[in-house]
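Read off the chains here:
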Amino acid sequence: MMKIYLVIYVNYLFLILKICVIYLSVIIILRILGKREVGELSIFDLVILLIIADIASIGIDNTEFFIPGLVCLVTLAVLQKIFSYILLKFARLRGVCDGNPTIIIYNGIINIKNMSKELYTFEDLVSQMRMEHIMDISEIKLAILETNGTLSVMKNDSHQELCLPIILSGLYVKENLAVLNIKKDKISKALSKNNLDIKKIMYASYQNGVLRYYYRKNKRLKELKESKLML
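Per chain, residues are indexed from 1 in the order of the written sequence. Local features in a predicted model are, by the rule used here, given only for residues with pLDDT of at least 70; side-chain atom pairs are given and counted only at 80 or more, and totals for whole chains, interfaces and linings are based on all residues. Excluded from the side-chain calculation are hydrogens and water; included are all heavy atoms of the structure.

## A few points about a positive patch on the surface
Moving on, step 1. Patch members must show over 30% relative accessible area and no salt bridge, and they are joined within 9 Å when carrying like charges or within 5 Å when they are nonpolar side chains of Val, Leu, Ile, Met, Phe, Trp or Tyr. Here the Shrake-Rupley method, with its probe set to 1.4 Å, supplies the accessible areas, and only the displayed protein chains count as covering residues. Put simply, a salt bridge is a Lys or Arg side-chain nitrogen that is within 4 Å of an Asp or Glu carboxyl oxygen. Counting rule applied: Lys, Arg positive; Asp, Glu negative; His and chain ends not counted. Lysine's charge is taken at NZ, arginine's at CZ, aspartate's at CG and glutamate's at CD. Taken together, the side chains of Arg92, Lys174, Lys184 and Lys199 make up a positively charged region of the molecular surface.
Moving on, step 2. Relative to the helices and strands, Arg92 is located in helix H5 (residues 91–98).
Moving on, step 3. Only protein chains enter the accessibility calculation, which uses a 1.4 Å probe. A residue is then buried if its area is under 20% of the maximum for its type, exposed if over 50%, and partly exposed in between. Taking the relative accessible area as the measure of exposure, Arg92 reaches 65% and is therefore exposed. Secondary structure elements follow DSSP: runs of H or I of four or more residues count as helices, runs of E of two or more count as strands, with numbering from the N terminus.

Rendered as structure tokens:
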């Protein structure tokens, strides 16, 4: 009888040990992956975390899969880091994997086309408005549906003029150019005239005929130069 109790005790002790190891491993992996994985889940991030959760649960339930499970978790973390580095280098891939923010409301006007494209209903809009303590659409000056599904809102009571990025990571943000009614050729000519390479511009916004931009001075992105350009 004592042997039976001893076996049960050892099994439970081993189960608790496995849970502790998996728990600590997942915490370490999430810490390695970075704050973005926890705070702002894109579709790509969500898939990774779901796989991590699934592998962790199998590792707890199945003793034979415990060590292979840990190996899978570490491999997944390494692959995620490598892929994140690739996305950092190639801006176009970020749009494919994470998607792009979508303007839902601009200057109080609802963009029905963008809502349809994102399968975003008025019920979704109203629900997320309430989370921002907004009770009516007339209170909104600008609303952007982020890649993680959250709604970023600027209220009408803000005296700040709307300003949207038109260049991000060396690429034109075509939707914002269209919303602001700015021709890409106009920006391209101005950049070319001033010997500026768009690929080195990490961020640029347009407001009242002025292009404010942050220019990469070297390949490693260790230093950014802020400047303005009259158009």
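Structure's up, so let's keep going.
## Describing the packing of aromatic side chains
Moving on, step 1. Only rings of Phe, Tyr and Trp enter the pairing, Trp through its six-membered ring, and a pair is recorded when the two centres are within 6.5 Å. The plane angle decides the type: under 30 degrees is stacked, over 60 is edge-to-face, the rest tilted. One pass over the full model with this rule turns up two aromatic pairs.
Moving on, step 2. Where Tyr213 meets Tyr215, the ring centres are 6.3 Å apart and the plane angle is 75°; that geometry is what we call edge-to-face.
Moving on, step 3. Its relative accessible area of 16% is what places Tyr215 among the buried residues.

## Points about the side chain of Gln128
Moving on, step 1. Note on placement: Gln128 falls in helix H7 (residues 122–131).
Moving on, step 2. Dropping the residues within four chain positions of it, Gln128 is found in contact with Tyr120, Leu145, Gly149, Thr150 and Leu151. Between two residues, a contact is recorded if the distance between any of their heavy atoms is within 4.5 Å.

## Brief notes about helix H4 (residues 66–89)
Moving on, step 1. Take the residue count of a helix, subtract one, and multiply by 1.5 Å to get its expected span. Spanning 24 residues, H4 covers 35 Å between terminal C-alpha atoms, matching the ideal 34 Å at 1.5 Å per step.
Moving on, step 2. Of all the residues in H4, the buried ones are Phe66, Gly69, Leu73, Leu76, Ala77, Gln80 and Leu87.

## Overview of the nonpolar core
Moving on, step 1. In this structure, Ile166, Ile167, Ile187, Leu191, Leu211 and Tyr213 are the most contacted members of the largest nonpolar core, which totals 24 residues.
Moving on, step 2. Listing elements by their share of this core, those giving two or more residues are strand E1 (102–106), strand E3 (140–145), strand E5 (165–168), helix H8 (174–180), helix H9 (184–193), strand E7 (201–207) and strand E8 (210–216).
Moving on, step 3. By size, the runner-up hydrophobic cluster in this structure holds 11 residues, among which are Ile104, Ile105, Met115 and Tyr120. We call a set of buried Ala, Val, Leu, Ile, Met, Phe, Trp, Tyr and Cys residues a nonpolar core when their side-chain atoms join them within 4.5 Å.

## Some points on the side chain of Asn114
Moving on, step 1. Mapped onto the secondary structure, Asn114 falls in helix H6 (residues 112–117).
Moving on, step 2. Exposure remark for Asn114: the relative accessible area of 7% places this residue in the buried category.
Moving on, step 3. Polar contact is the term for a pair of N or O atoms within 3.5 Å; when the atoms are in protein, one must be able to donate a hydrogen and the other to accept it, and sequence-neighboring residues count only if both atoms are side-chain atoms. Polar side-chain contacts of Asn114 include one of 2.8 Å to the backbone oxygen of Ile103.
Moving on, step 4. Not counting the four nearest positions on each side in its chain, Asn114 is found in contact with Thr102, Ile103 and Glu175.

## Details of the sheet that holds E3
Moving on, step 1. At least two DSSP bridges between two strands are needed for those strands to be called paired. Reading across from one edge, E2-E1-E3-E4 is the order of the four strands in this open sheet, with antiparallel pairing throughout. For this open sheet the edge positions go to strand E2 (109–110) and strand E4 (151–155), each flanked by a neighbour on one side alone.

## Section: the pairing of E3
Moving on, step 1. The buried fraction of E3 is high, at six of six residues.
Moving on, step 2. Of the pairings in the sheet, the one linking E3 to E4 comprises five bridges and is antiparallel in character. Paired with Ile144 across the two strands is Ser152, which belongs to E4.
Moving on, step 3. Between E3 and E4, which pair antiparallel and follow one another directly, the connecting turn spans five residues, one of which, Gly149, has a positive phi of 95°.

## Some thoughts on H9
Moving on, step 1. Ile187, Ala190 and Leu191 are the residues of H9 that are buried. Burial along H9 is one-sided: seen end-on, the buried residues are contained in an arc of 100°. Residues of H9 that are exposed and point over 90 degrees away from its buried face: Asp185, Lys189, Ser192 and Lys193.
Moving on, step 2. Of the residues trailing H9, Asn195 is marked for its positive phi of about 55°. This arc is taken over the directions from the axis of the helix to the C-beta atoms.

## Looking at the pairing of E7
Moving on, step 1. With five of seven residues buried, E7 lies mostly within the body of the structure.
Moving on, step 2. One ladder, built from six bridges, connects E7 with E8; its direction is antiparallel. Considered in E8, the bridge of Tyr203 is made with Tyr214.
Moving on, step 3. A loop of two residues connects E7 with E8, the two strands running antiparallel in sequence, and Asn208 in this loop sits at a positive phi of about 55°.

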